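A look at the structure
Each chain, letter by letter, is given below.
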Amino acid sequence: MPSLEELGITPATAGRLQKLGLHNAFDLVLHLPLRYEDETRITPIRDLFFGQTACLEVEVVDSEMLFRPKKTLRARVRDSSGSLLLRFLNFYGSQVRQFTAGTRLRVFGELRQGHAGPEMVHPRYRILRDEEPLPQTLTPVYPTTAGLSQATLRRCIEQALRSEDLSDTLPESWRIRLGLPLFRDCVMLLHHPAAGASHRELDDRTHPAWHRLKFDELLAQQISMRLHYRERLSYKAPRLKPSTTRRSKLLEQLPFRLTTAQERVLREIDADLGKAHPMHRLLQGDVGSGKTVVAALACLQAIDAGYQAALMAPTEILAEQHFRKIEQLLQPLGIPTTWITGSLRRKDRLAAQEQVASGAAQLVIGTHALIQDPVAFKALGLVVIDEQHRFGVEQRLALRRKAEVAGFGQPHQLMMSATPIPRTLSMSYFADLDLSVIDELPAGRKPIVTKLVADSRRAEVIARIRQTCLQGGQSYWVCPLIEESETLQLQTAVDTFESISQEFPDLRTGLVHGRLAPAEKSAVMERFAQGDIQLLVATTVIEVGVDVPNASIMVIEHAERMGLAQLHQLRGRVGRGATQGFCILMYHPPLSELARTRLKVIYEHADGFEIARQDLAIRGPGEYLGARQSGTPLLRFADPEQDGALLEQAVQAAADWIASDTEGARRHLKRWLWSRQEFLTA
Ligand code: ADP
Ligand code: MG
C-alpha cells in the first residue's frame with residue numbers, strides 16, 4: 001500500500017497526519033468522518049430558523065471592523081430573500097479585504113440571534129468567482145489536529161481513495177452469504193454519502209456500510225488472536241507432571257475441601273502444564289472464590305517436576321500476604337519460599353537473587369521486582385500473575401525477556417483475575433488466552449449485607465462500628481478517594497485517621513496507605529491480621545486480595561467517588577469468615593446520575609460477573625484491557641458489546657478462513673493492521 005510520500009503528500013502535512021496515527025494510504029482510507037455537513041442544498045435566508053446549520057449563497061453588502069468590546073470583523077450579507085450578519089473574532093488582514101461590497105460567497109454555518117439581529121459567528125465560507133455547481137454528496141468532517149485543515153485532510157483522503165487498492169479481501173461467496181456490501185462501495189459511501197443518505201444511520205454507525213467495516217475489523221482481530229494462539233502452540237515449554245504424593249499431602253493439610261469449581265479448574269491447569277508448549281491461561285474467579293490455593297497447587301506441580309515457580313502480585317501488601325499463606329502451605333512439604341520485593345535490603349536482595357540463580361529457591365513470591373533484572377532464574381517453569389490487569393506493559397515485557405533467558409523454552413503462565421471479564425470481551429480481546437472460571441464460592445459464605453447511608457448519618461455508623469469492635473470483631477474504614485493528587489490522598493488518609501482516632505478513643509486503630517514504607521505497611525497489616533488493631537483506616541491499597549477473615553464490617557466514605565470494580569473488590573474484603581459481613585457505603589448527597597447508577601448496581605448485585613457486565617455498559621471496555629497482553633489490536637469501529645452478533649459471525653468466519661485459506665486470512669489481517677498504532681505493544 002502506498003506510503004504518504006508516494007501519495008505526493010508534503011513532509012509537513014505527512015507529519016501532521018502521523019500525529020493522527022495515519023501512516024499510509026490505507027490508514028487514510030479508514031480515517032472516517034466524524035459527521036457530515038449538507039452543502040448539497042442552498043437555503044434562502046428567509047427560510048432559516050435559529051439553531052439551524054445551513055448553506056447559503058449571498059452577496060456582501062458592506063463590512064466593518066469593530067474594536068469594542070473585542071476586535072471583530074462584521075459583514076452584512078444578503079440574498080434575494082433577506083439579510084444577516086457574519087461575525088469573525090479572529091481573522092487575518094486578508095479576510096478584511098475579501099469582504100468588499102458585491103463579493104459573492106457560499107457560507108456554511110449556524111444561525112443565531114445576535115444583538116444586532118440574526119447572525120452567523122465564524123461560518124465557513126468560500127468566495128464564488130464563477131458559477132460553481134453544488135456538491136452532489138454530503139461534505140465529510142474528519143477528526144483532525146492543529147495545523148491540518150479539513151480541506152487538506154480531504155484532499156489527502158481523496159488521493160488515498162484513488163490510489164489504494166480497495167478490492168475485497170473477503171471471498172466473494174462468503175461476502176454474499178453474510179449479506180455484506182462490497183468494501184470499496186462502503187468506504188466510498190462513508191467518505192461521500194449521497195445527498196439523500198440517512199443521516200441517522202450514518203451518525204449512529206448502523207448503516208450497512210458501517211456494518212461491513214465493523215465486521216472486517218472484528219474479523220481482523222479474531223484472525224490475529226487465533227494466529228497468536230496457534231503460534232504459542234509452536235513454542236516449547238517444559239512438561240510439568242505432578243508427583244501426586246506431595247499434592248495429596250498439601251490437600252490433606254487444608255482446613256477445607258476444594259470446591260467442585262476449584263477441582264475443575266485445577267484439572268484444566270494440570271492438563272495444560274503437562275503439555276510441551278506454554279500455557280497462557282486466565283483464571284477468573286470472583287473475590288473470595290479461592291484462587292490462591294489453586295495457584296499454590298500449580299506451583300507445587302512445577303516444583304515437583306524440578307522447575308522453579310514464581311508468583312507475582314501487584315502490591316507489596318498482597319505479595320506479602322501470599323507469601324505468608326503459601327509458605328504456610330508449602331513449608332511442611334519441605335519447600336522453601338523466597339521473597340523478593342523492591343524494598344528488601346540490598347544484602348537480602350542479593351542473597352535472594354543468588355538463590356534464584358542457583359535454583360535453590362524453588363518458589364519465589366514478590367512484586368514485579370522479581371522479574372526485574374538482575375534476577376535470573378535457573379529454570380523457571382511457571383509464572384503465576386495475580387490480579388494481572390494491574391500490571392503494566394513494561395512488566396509484561398520484562399516477563400517476556402525473562403522467559404527468553406530461560407533457555408529451555410518459555411515458562412507456563414497462569415494469570416489470575418478477580419475482575420470478571422464479560423463474555424463479549426473474552427470472545428474478542430482475550431480470545432488468545434485459555435480461560436478457566438471458578439464459578440462457585442466456598443460453601444457457607446453468607447452474602448455480604450450492603451447498606452447505602454448518607455453521610456449525615458455518620459453517628460449511627462460510628463455506633464455500629466464501636467459495637468462490633470467491642471464484641472471482638474474488626475472493621476475497615478476506607479478513606480475517600482482523591483484521584484487527582486497523591487499528596488491530597490495522603491493528607492486525606494492522615495486526616496481521616498486523626499478524626500477516627502478521636503471518635504474511637506476506646507479502640508485500637510491503625511492506618512495504612514500507599515505512601516507508607518513497606519516495612520511499616522506490613523507491620524500494620526500484620527497487627528490487623530493478629531487482631532491487635534481493631535479498626536483499620538485504609539486507602540484503596542487494601543482493595544485487592546487482602547484477607548483478614550475476622551474483619552466483618554467495612555465503611556467506605558464517599559463511596560460515590562469510586563468505580564464499580566473498585567467497590568466490588570473492596571467489599572470483597574469482608575464476609576470472609578463465619579460472621580455476617582457488612583459493607584456500609586457512605587455517600588455525600590446530592591448524587592450525580594452516574595454515581596447513583598453505580599451505587600444502585602453495587603447495592604443490588606453481589607455477583608462479580610453481573611457487576612462487571614453493568615460496568616462495561618456504563619464505562620466501555622477500557623478498564624479490562626490492562627489485562628491484555630502484547631500485540632492485541634484495539635478496536636476502533638466495532639464495540640464487542642453492542643456488535644455482539646457481528647462478533648459471533650467474525651469468530652466463526654476467522655476459524656473457517658484460517659482453516660481453509662490461511663494466506664487469504666493473513667492478507668485481510670495485514671490490510672487492517674498494517675502500521676496501526678492502536679496496539680498494546682508488549
Ligand atoms: P481469592 O480468589 O479472592 O484470591 P482467596 O484465595 O484469598 O480468594 O480465598 C479466600 C478465602 O477462602 C481464604 O481464606 C481461603 O483460605 C478460603 N478458601 C479457599 N478455598 C476454600 C474452600 N474450598 N472452602 C473453604 N474456604 C476456602
Ligand atoms: Mg486473591
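Residues numbered from 1 in each chain as written. Chains lettered and ligands numbered in written order. Predicted model: local features only at pLDDT ≥ 70, side-chain atom pairs only at ≥ 80, totals over all residues. Heavy atoms only, no water.

**A closer look at the overall build of the protein**
As a reminder, the rule being used: A run of H or I in DSSP counts as a helix once it spans at least four residues, and a run of E counts as a strand once it spans at least two, with each numbered from the N terminus. Burial here depends on accessible area, computed with a 1.4 Å probe over protein chains only, as a share of the maximum for the residue type. Under 20% is buried, over 50% is exposed, and the range in between is partly exposed. When checking whether two residues touch, look at their non-hydrogen atoms; a contact exists if any pair is within 4.5 Å. Here the accessible surface of atoms and residues is derived via Shrake-Rupley with a 1.4 Å probe, and residues count as covered only by protein chains that are part of the display. Counted as positive: Lys and Arg. Counted as negative: Asp and Glu. His and the chain ends are not counted at all. By convention, the point assigned to a charge is CZ for Arg, NZ for Lys, CD for Glu and CG for Asp.
A count of helices and strands for the protein gives 23 helices and 22 strands. Once the C-alpha set of the protein is aligned to its principal axes, its extents read approximately 95 × 65 × 45 Å. The burial tally for the protein puts 52% of its 682 residues in the buried class. For the protein, restricting intrachain contacts to residue pairs at least 6 apart in sequence, the fraction spanning at least 24 positions comes to 76%. Here the protein has roughly 30,800 Å² of accessible surface; of this, 51% comes from carbon and sulfur atoms. Distance from the positive charge centre (84 side chains) to the negative charge centre (80 side chains) of the protein: 2 Å.

**A closer look at the nonpolar core**
The following threshold applies: By convention a nonpolar core is built from buried Ala, Val, Leu, Ile, Met, Phe, Trp, Tyr and Cys residues, the set being connected through side-chain atoms within 4.5 Å.
Within the largest apolar cluster, 78 residues are counted, with the highest numbers of intra-cluster contacts made by Leu 17, Leu 28, Leu 219 and Ile 223. Element by element, the count of residues in this core is highest for helix H8 (residues 208-233), at nine residues. Look past the residues within four positions of Leu 17 in its chain and what remains in contact with it is Leu 4, Ile 9, Leu 22, Leu 28, Leu 148, Leu 153 and Cys 156. Among the nonpolar cores identified, the runner-up in size contains 41 residues, and Ala 295, Ala 313, Trp 339 and Leu 382 belong to it.

**Focus on the domain arrangement of the protein**
To keep things clear, this is the line we draw: The start and end points of each domain follow an automatic or database-based domain assignment.
When cut into domains, the protein gives domain 1 (1-40 + 144-164), domain 2 (49-134), domain 3 (166-236 + 642-682), domain 4 (244-438) and domain 5 (449-605). Each of domain 1 and domain 4 has a C-alpha centre, and these two points are 47 Å apart.

**Some details on the site of ligand 1**
Going by this rule: Near residues are defined by distance, with any heavy atom within 4 Å of the molecule or strand qualifying the residue. Residues adjacent in sequence count toward polar contacts only when both atoms are side-chain atoms; beyond that, a polar contact is any pair of N or O atoms within 3.5 Å, and within protein one must be able to donate a hydrogen and the other to accept it. Polarity classes work like this: nonpolar for Ala, Val, Leu, Ile, Met, Phe, Trp, Tyr, Cys and Pro, charged for Asp, Glu, Lys and Arg, and polar for all others, with Gly in that last group.
Neighbouring ligand 1 are 17 residues; Arg 257, Gly 288, Lys 291, Thr 292 and Arg 445 lie closest to it. Separating an oxygen atom of ligand 1 from a backbone N or O atom of Gly 288 is a distance of 2.6 Å. Considered on its own, ligand 1 offers 560 Å² of accessible surface; in the complex 83% of this is hidden by protein. Classifying every residue of the shell around ligand 1 gives four nonpolar, six polar and seven charged.

**Points about the sheet that holds strand S17 (residues 449-454)**
For clarity, the threshold we go by: Strands were regarded as paired on the criterion that DSSP finds at least two bridges between them. Inter-axis angles, ranging from 0 to 180 degrees, are taken between N-to-C directions of lines fitted to C-alpha atoms, where helices are fitted over the stretch in contact.
Taken in spatial order, the six strands of this open sheet run S17-S22-S21-S18-S20-S19, and their pairing is parallel. Single-partner strands in this sheet number two, and they are S17 and strand S19 (509-512). Each adjacent strand pair in this sheet contributes to an overall mean axis angle of 20°, direction not counted. In terms of strand pairing, strand S21 (residues 551-556) meets strand S22 (residues 582-587) through four bridges, oriented parallel. Residue pairing in the sheet places Ile 556 in a bridge with Leu 585 of S22. Across the sheet, helix H17 (residues 486-503) is in contact with strand S18 (474-478), S19 and strand S20 (535-538); its angle to S19 comes to roughly 175°.

**Observations concerning helix H22 (residues 644-660)**
Applied cut-off: Expected span of a helix, by definition, is 1.5 Å for each gap between consecutive residues, and there is one gap fewer than residues.
With 17 residues, H22 extends 24 Å from end C-alpha to end C-alpha; this agrees with the ideal 24 Å at 1.5 Å per step. For H22, the complete set of buried residues consists of Gly 644, Leu 646, Leu 647, Ala 650, Ala 653, Ala 654, Trp 657 and Ile 658. Elements in contact with the buried residues of H22: helix H5 (172-177), H8, helix H15 (423-428) and helix H23 (662-673).

**A closer look at the side chain of His 412**
Tracing the backbone shows His 412 in strand S15 (residues 412-417). Reaching out from His 412, the side chain makes a polar contact with the backbone oxygen of Pro 238 at a distance of 2.7 Å. Setting aside residues up to four positions removed in sequence, His 412 forms contacts with Ala 237, Pro 238, Leu 240, Asp 272, Leu 273, Lys 275, His 277, Pro 278, Met 279, Gly 381, Leu 382 and Val 383.

**Considerations on the environment of Ile 584**
Topologically, Ile 584 is positioned in strand S22. Ile 584 sits 135 residues away from Val 449 along the chain, and the two C-alpha atoms are 8.4 Å apart. Excluding residues that lie within four positions of it along the chain, Ile 584 makes contacts with Lys 451, Val 453, Val 461, Ile 553, Met 554, Val 555 and Ile 556.

**Topic: the environment of Gln 569**
By the secondary structure assignment, Gln 569 is in helix H19 (residues 564-571). When the C-alpha atoms of Gln 569 and Thr 468 are compared, they prove to be 22 Å apart, with 101 residues separating the residues in sequence.

**A short note on unusual backbone geometry**
Here the residue pair Arg 68 and Pro 69 is connected by a cis peptide bond, since its omega of -5° sits within 30 degrees of zero. At the junction of Pro 589 and Pro 590, the peptide bond is cis and its omega measures out at 0° in the coordinates. Along the chain, Pro 590 falls in the loop between S22 and helix H20 (593-604). A positive phi angle, close to 50°, is found at His 122, a residue other than glycine. Inspection of the secondary structure puts His 122 in the loop between strand S7 (117-121) and strand S8 (124-127).

**Examining the environment of Thr 419**
Topologically, Thr 419 is positioned in the loop between S15 and H15. On the basis of relative accessible area, Thr 419 is assigned to the buried category, the value being 10%. Separated by 193 residues in the primary sequence, Thr 419 and Ala 612 place their C-alpha atoms 7.2 Å from one another.

**A closer look at the sheet that holds strand S4 (residues 82-88)**
By definition, the strands of a sheet pair up through backbone hydrogen bonds, in either a parallel or an antiparallel sense. Spatial strand order, S6-S7-S4-S3-S2-S5-S8: seven strands in an open sheet with mixed pairing. Looking at strand neighbours, the two that pair on one side only are strand S6 (112-114) and S8, the edges of this open sheet. For this sheet, the mean inter-axis angle between neighbouring strands, taken without regard to orientation, is 45°.

**Regarding the packing of aromatic side chains**
The cut-off we apply is this: Each Phe, Tyr or Trp ring (for Trp, its six-membered ring) is paired with any other whose centre lies within 6.5 Å, and the angle between the two planes then decides the class: stacked below 30 degrees, edge-to-face above 60, tilted in between.
Tallying each qualifying case throughout the model produces 10 aromatic pairs. Measuring from centroid to centroid gives 5.5 Å for Phe 88 and Phe 99, while their planes differ by 40°, and the two rings are tilted. Of this pair, Phe 88 sits in strand S4 while Phe 99 sits in the loop between helix H3 (93-98) and strand S5 (104-110); the two residues are 11 residues apart in sequence, bridging distant segments of the chain. Overall, the relative accessible area of 2% leaves Phe 88 in the buried class. Of the residues examined, Phe 99 reaches a relative accessible area of 2% and is grouped as buried. Judged by centre distance (5.6 Å) and plane angle (70°), the ring pair of Phe 88 and Tyr 125 falls under edge-to-face. Taken together, the positions of Phe 88 in strand S4 and Tyr 125 in strand S8 put the pair 37 residues apart, joining distant regions of the chain. For Tyr 125, a relative accessible area of 22% translates into the label partly exposed.

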